[in-house]
Amino acid sequence: PDNAYADGRIADEGIRRLQAAAARTSAPFFLALGFVKPHLPLTAPKKYWDQYDPKRFRLAPDQRDPEGAPAYAGKRGGEIVNYDPLSVENLRDDEMQRTLIHAYYACVSFMDAQVGRVLDELDRLKLTEKTLIVLWGDHGWHLGDHGYWTKHTNYEQANRIPLIIVAPGVARPG
């Protein structure tokens, strides 16, 4: 179940705290939830894995360092090879790459579901129209592009982050 994982329990606690805040109608509230996924390890409940067919994932078309890039700009291995059976060598294997992309997508879908649960409760409690919501991530993620996995580069894939702000009275662009 979702709450067998930390992010599921974080969503559960967030929902409990929203319910407590809704009961205090005269007091403003602040709630910050720190979800973990899709950070390593790339684990998620089976139902999120089952949403995807790994055969359909496209592998990164260019798995070489960018032309002319200094050697220190890239990163092979890193923290991902601390997870058995991963190694710098088998990260080049097509099947392993598909498994890692599959795992990443499963984790993102799991994370999306947890945020959705909290937002659904905000709606159910009729707090959405008077609540500022900010969602952001701390880094992007390489999925085999340039032969890199995870983060810790200055390339766009590792630096592009989500930043979503929803506020009462603010028009929502498309």
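Cut-off values and rules
- Chains are numbered independently. Their residues run from 1 in the order of the written sequence.
- Local features in this predicted model are restricted to residues of pLDDT 70 or higher, and side-chain atom pairs are both shown and tallied only at a pLDDT of 80 or more, whereas totals for entire chains, interfaces and linings draw on every residue.
- Processing note: side-chain calculations cover all non-hydrogen atoms of the structure and skip hydrogens and water entirely.
- The set of buried Ala, Val, Leu, Ile, Met, Phe, Trp, Tyr and Cys residues whose side-chain atoms join them within 4.5 Å is what this entry labels a nonpolar core.
- Throughout, exposure labels follow a simple rule: accessible area from a 1.4 Å probe, protein chains only, divided by the maximum for the residue type, with under 20% read as buried, over 50% as exposed, and the rest as partly exposed.
- What makes two residues a contact is simply this: any of their non-hydrogen atoms within 4.5 Å.
- Patch membership is restricted to residues that have no salt bridge and whose relative accessible area is over 30%. Joining uses 9 Å for like charges and 5 Å for the nonpolar side chains Val, Leu, Ile, Met, Phe, Trp and Tyr.
- The Shrake-Rupley method, run with a 1.4 Å probe, gives the accessible areas here. Residue values count only the displayed protein chains as cover.
- The working definition used for a salt bridge is a side-chain nitrogen of Lys or Arg within 4 Å of a carboxyl oxygen of Asp or Glu.
- Numbering of helices and strands runs from the N terminus; a helix is a DSSP stretch of H or I covering at least four residues, while a strand is a stretch of E covering at least two.

J.: Explain the nonpolar core to me, please; I cannot follow it from the model alone.
T.: Burial of nonpolar side chains together is a common tendency in soluble globular proteins. Residues Leu42, Ile80, Leu86, Leu91, Leu100 and Trp149 are the most contacted members of the largest nonpolar core, which totals 19 residues. Apart from the residues lying within four places of it in its own chain, the contact partners of Leu42 are Lys37, Trp49, Leu100, Ala103, Tyr104 and Cys107.

J.: Can you walk me through a nonpolar patch on the surface in this structure?
T.: Side chains of Leu132, Val134, Trp136, Leu163 and Ile165 sit close together on the surface and give an oily, nonpolar patch of about 570 Å² of accessible area. At the level of elements, strand E1 (133-136) and strand E4 (163-166) are the ones that each hand at least two residues to the nonpolar patch. Relative to the helices and strands, Ile165 is located in strand E4.

J.: Could you clarify how one ought to interpret unusual backbone geometry in this entry?
T.: Along the chain, Leu40 connects to Pro41 via a cis peptide bond; the corresponding omega equals -5 degrees. Looking at where Pro41 falls in the secondary structure, it is placed in the loop between helix H1 (6-23) and helix H2 (46-49). Cis geometry marks the peptide bond from Asp84 to Pro85, where omega comes out at 15 degrees. You can see Pro85 is positioned in the loop between H2 and helix H3 (94-124). Phi at His146 takes a positive value of approximately 60 degrees, unusual for a residue other than glycine. Looking at the secondary structure, you find His146 in the loop between strand E2 (142-143) and strand E3 (149-150). What makes His146 buried here is its relative accessible area of 16%.

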